[in-house]
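Reading the structure
Here's the letter readout for the chains.
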Amino acid sequence: MADHDSRERYLALAEATIGAYAFIASLLEDLPVPVIVPDIAQVADDDGDPADVLLALNRVRAVIEDEPISDYHRRAYEHMLLDWFAAYDVISLVKAAGPAPWRLDVVEFALNRLVTWAEVIENDEQDDSQS
């Protein structure tokens, strides 16, 4: 029974990680200077190399520094991206090494932090004097 529950949780978190990537992609497209990243689902469907997606998202970390946004929002994007990488790396480890409870907890924790940063980006009306 516990193995089935772990498998279900793994599948839900893997799906949430992919969904979070799509959400990040939409936030990046809404930047003052839109940033486009590869569609992760399309890359998977085309049997593409997932490394292309990871490298593209990593490049965004440098590109975001040139966006005309507050330092506060730059840091929010940086943290959101790092949390996605953490979730992706650990969910990949789960696939290879098994769904140990702490691994699944780490993925869930990273995705929760990511959501918090995304909410900051979407909802915060902070002006530049507060950054």
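Coordinates for the structure precede this section.
From a predicted model like this one, the values you see are computed outputs, not experimental measurements.

1. Quick notes on the overall build of the chain
Scanning the chain from N- to C-terminus turns up 5 helices and 0 strands. Seen through its principal axes, the chain has C-alpha atoms that stretch 55 × 30 × 20 Å. In the chain, buried positions account for 37% of the 131 residues. Taking contacts inside the chain between residues at least 6 apart in sequence as the whole, the part at least 24 apart equals 70%. Here the chain has roughly 7700 Å² of accessible surface; of this, 54% comes from carbon and sulfur atoms. Of the side-chain charges in the chain, 9 are positive and 27 negative, and the distance between the mean point of each set is 8 Å.

2. Quick notes on the packing of aromatic side chains
Evaluated as defined, the whole model comprises 3 aromatic pairs. Arranged with centres 5.3 Å apart and planes meeting at 55°, the rings of Y21 and W84 form a pair that is tilted. Taken as a pair, Y21 in helix α1 (residues 2-29) and W84 in helix α4 (residues 71-97) lie far apart in primary sequence, 63 residues in all. Ring centres 5.7 Å apart and planes at 70° place the aromatic pair W84 and F85 in the edge-to-face group. Note on accessibility: W84 and F85 belong to one class, buried. Grouping aromatic residues by their ring pairs yields a cluster made of Y21, W84, F85 and Y88.

3. A look at the layout of surface pockets
Over the atoms rolls a probe the size of a water molecule, and in doing so it shows where empty space is left. Empty space within the largest pocket amounts to approximately 420 Å³. Around the largest pocket sit 17 residues that line it, and I18, Y88, I91, S92 and K95 are the ones nearest its centre. With 5 residues, helix α2 (residues 40-45) is the largest single contributor of residues to the lining of the largest pocket.

4. Some details on the side chain of R74
Following the sequence through the fold, R74 ends up in helix α4. Look at R74 and you get buried, because its relative accessible area is 11%. At a separation of 2.8 Å, a polar atom in the side chain of R74 contacts the main-chain carbonyl oxygen of I69. Only 2.5 Å separates the side chain of R74 from the side chain of D71, close enough to count as a polar contact. Beyond its immediate stretch of four places on either side in the chain, R74 contacts I64, E65, E67 and I69.

5. Topic: the environment of H79
Tracing the sequence through the fold places H79 in helix α4. Residue class for H79 comes out partly exposed when judged on its relative accessible area of 35%. A C-alpha to C-alpha distance of 16 Å links H79 and A22, two positions 57 residues apart in sequence.

Definitions and cut-offs
- Here, residues in each chain are numbered from 1, in the same order as that chain's written sequence.
- In keeping with the model being predicted, local features are shown solely for residues with a pLDDT of at least 70 and side-chain atom pairs are shown and tallied solely at 80 or more, while totals for entire chains, interfaces and linings include all residues.
- With hydrogens and water set aside, each side-chain value is computed from the structure's full complement of heavy atoms.
- Strands here mean DSSP runs of E at least two residues long; helices mean DSSP runs of H or I at least four residues long; both are numbered from the N terminus.
- With a 1.4 Å probe rolled over the protein chains alone, any residue whose accessible area is under 20% of its type maximum counts as buried; one over 50% counts as exposed, and the rest are partly exposed.
- Any pair of residues with heavy atoms lying within 4.5 Å of one another is described as a contacting pair.
- Areas reported as accessible are Shrake-Rupley estimates using a 1.4 Å probe. Residue values count occlusion only from the protein chains shown.
- When charges are tallied, Lys and Arg are placed among the positive residues and Asp and Glu among the negative ones, while His and the ends of the chain are skipped.
- Throughout, a charge is located at the NZ atom of Lys, the CZ atom of Arg, the CG atom of Asp or the CD atom of Glu.
- Between rings of Phe, Tyr and Trp, where Trp is taken as its six-membered ring, a pair exists when centres lie within 6.5 Å; planes separated by under 30 degrees are stacked, by over 60 edge-to-face, and by other angles tilted.
- Buriedness of a pocket was judged along seven lines, with at least five required to meet protein on both sides within 12 Å; pockets are open sets of points on a 1 Å grid over the protein atoms alone, cavities are sets where a 1.4 Å probe fits but cannot get out, and lining residues have an atom within 4 Å of a point.
- Grid points are joined across faces, edges and corners, and a volume is the space filled by probe spheres set on the points.
- Within 3.5 Å is the distance limit for a polar contact, defined as a pair of N or O atoms, with the added protein rule that one can donate a hydrogen and the other accept it, and that residues adjacent in sequence qualify only through two side-chain atoms.

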